[in-house]
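# Coordinate inspection notes
Here are the chains, one letter per residue:
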Amino acid sequence: MAGRNTVIRSMHDLGLAAWFGGNLMGAVGLNGATSGAKDPVERLTLAALGWKKWAPLQIAALSVHAIGGIGLIGANKGRLATQKEGRTNTGVKLALTFIAVGTTFWSGVAGKRLADHAGEGTNGTTEPDEFASKALASAQNQLKLLQWATPVLSGILVVLAAQQGEQQRSVAGLLKSKKKHR
């Protein structure tokens, strides 16, 4: 490798880690905990408040990840031009990133609709009851899937980033370590 890219790699990885971890915690911790509220109205109100507080940090995480990702592509353009595996990995990562950004923003839109109907009360954040309006039930049903889509997609991106890091090892370094083990 010609040089180090510690800052942009850190931006890429830390932004992705925050995006993944925040959404996973929200699905498991926040949505799970709010279902324990005794008041059905409080369930949706607390979930909406929690996700609203996370939104600015999530936007920051996405921005930092994007800046780092663009920086890494620029820094590795020579390697990507000659390494088919690296190009394939980058293409898959880009496609999954765009899909995950889509699920993130779709979740935000559905979450806003949920917040707008918080006064109706419900069984849980993503579990409509028989009294839920069509708009609330629709938002909840969408969020039931979306709350897992973003962590799954961003988790796959973490794995692909690790794979790409392995692809950046120099051939000489790999040969050197093989000789030591013989």
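Let us look at the structure shown here.

Definitions and cut-offs
- Residue numbers here run from 1 along each chain, matching the order of that chain's written sequence.
- Residues qualify for local features only when their pLDDT is at least 70, as the model is predicted, and side-chain atom pairs are given and counted only at 80 or more; totals for whole chains, interfaces and linings, by contrast, use all residues.
- Side-chain measures were taken over the full set of non-hydrogen atoms in the model, leaving aside hydrogen atoms and water.
- The secondary structure listing takes helices from DSSP runs of H or I that are at least 4 residues long and strands from runs of E that are at least 2 residues long, numbered from the N terminus.
- Only C-alpha atoms enter the radius of gyration, while the globule expectation follows 2.2 Å times N to the 0.38, with N the number of residues.
- Using a 1.4 Å probe on the protein chains alone, a residue whose accessible area is under 20% of its type maximum counts as buried, one over 50% counts as exposed, and one in between counts as partly exposed.
- Residue contacts are defined here by distance: any two heavy atoms, one from each residue, within 4.5 Å place the two residues in contact.
- Just to be clear on terms, a salt bridge is a Lys or Arg side-chain nitrogen sitting within 4 Å of an Asp or Glu carboxyl oxygen.
- Here the expected length of a helix is defined as 1.5 Å per residue gap, with one fewer gap than residues.
- Here the bend at a residue means the angle between the axes of two seven-residue stretches, the one that ends at it and the one that starts at it.
- N or O atoms within 3.5 Å of each other form a polar contact, as long as, within protein, one can give a hydrogen and the other can take it, and as long as residues adjacent in sequence are counted only when both atoms are side-chain atoms.
- Exposure above 30% relative accessible area and the absence of a salt bridge qualify a residue for a patch, where like charges join within 9 Å and nonpolar side chains (Val, Leu, Ile, Met, Phe, Trp, Tyr) within 5 Å.
- Each accessible area value is a Shrake-Rupley result obtained with a 1.4 Å probe; residue values ignore everything except the protein chains displayed when judging cover.

Helix and strand content of the chain: six helices and zero strands. Reading the chain from its N end, one meets helices and strands in the order α-α-α-α-α-α. For the chain, whose C-alpha radius of gyration is 21 Å, the value lies well above the compact-globule estimate of 16 Å for 182 residues. Judged by the C-alpha coordinates and their principal axes, the chain covers about 65 × 35 × 25 Å. Taking all 182 residues of the chain together, the buried fraction comes to 36%. Partitioning the contacts of the chain with sequence separation of at least 6, the portion at a separation of at least 24 is 75%.

For side chains of opposite charge, pairing can occur when their charged atoms come near one another. Applying the stated criterion to the full structure yields one salt bridge. Asp-116 is the salt-bridge partner of Lys-112, the closest N and O atoms lying 2.7 Å from each other. Residue Lys-112 and its partner Asp-116 are located together in helix α4 (residues 84–116), separated by four residues, close to a single helical turn.

The terminal C-alpha atoms of helix α2 (residues 40–75) lie 52 Å apart, and with 36 residues this matches the ideal 52 Å at 1.5 Å per residue to within 8%. Most pronounced at Ala-55, the bend in α2 amounts to some 35°, and the proline Pro-56 follows within four residues. All of the buried residues along α2 are Arg-43, Leu-44, Ala-47, Ala-48, Trp-54, Gln-58, Ala-61, Leu-62, His-65, Gly-68, Gly-69 and Leu-72. Buried-residue contacts for α2 involve α1 (6–34), α4 and α5 (134–167). The N-cap of α2, judged by a side-chain oxygen 3.1 Å from the amide nitrogen of Val-41 a few residues on, is Asp-39.

It is worth spelling out the side chain of Thr-126 at this point. Here Thr-126 shows up in the loop between α4 and α5. Side chain to side chain, Thr-126 and Glu-127 meet in a polar contact 2.8 Å long. Residue contacts for Thr-126: discarding those within four places in its chain leaves Asn-31, Gln-140, Leu-143, Lys-144 and Gln-147.

Following the sequence through the fold, Gln-147 ends up in helix α5. Classification of Gln-147 as buried rests on a relative accessible area of 13%. A polar contact is formed between the side chain of Gln-147 and the side chain of Asn-31, at a distance of 2.7 Å. Every residue in contact with Gln-147, bar those within four places of it in the chain, is listed here: Asn-23, Ala-27, Asn-31 and Thr-126.

Another aspect to go through is a nonpolar patch on the surface. Nonpolar side chains collect at one region of the surface, where Leu-24, Val-28, Trp-148, Val-152 and Ile-156 lie side by side and expose about 420 Å² of accessible area between them. Contributions of two or more residues to the nonpolar patch are made by α1 and α5. Of note, Ile-156 is situated in helix α5.

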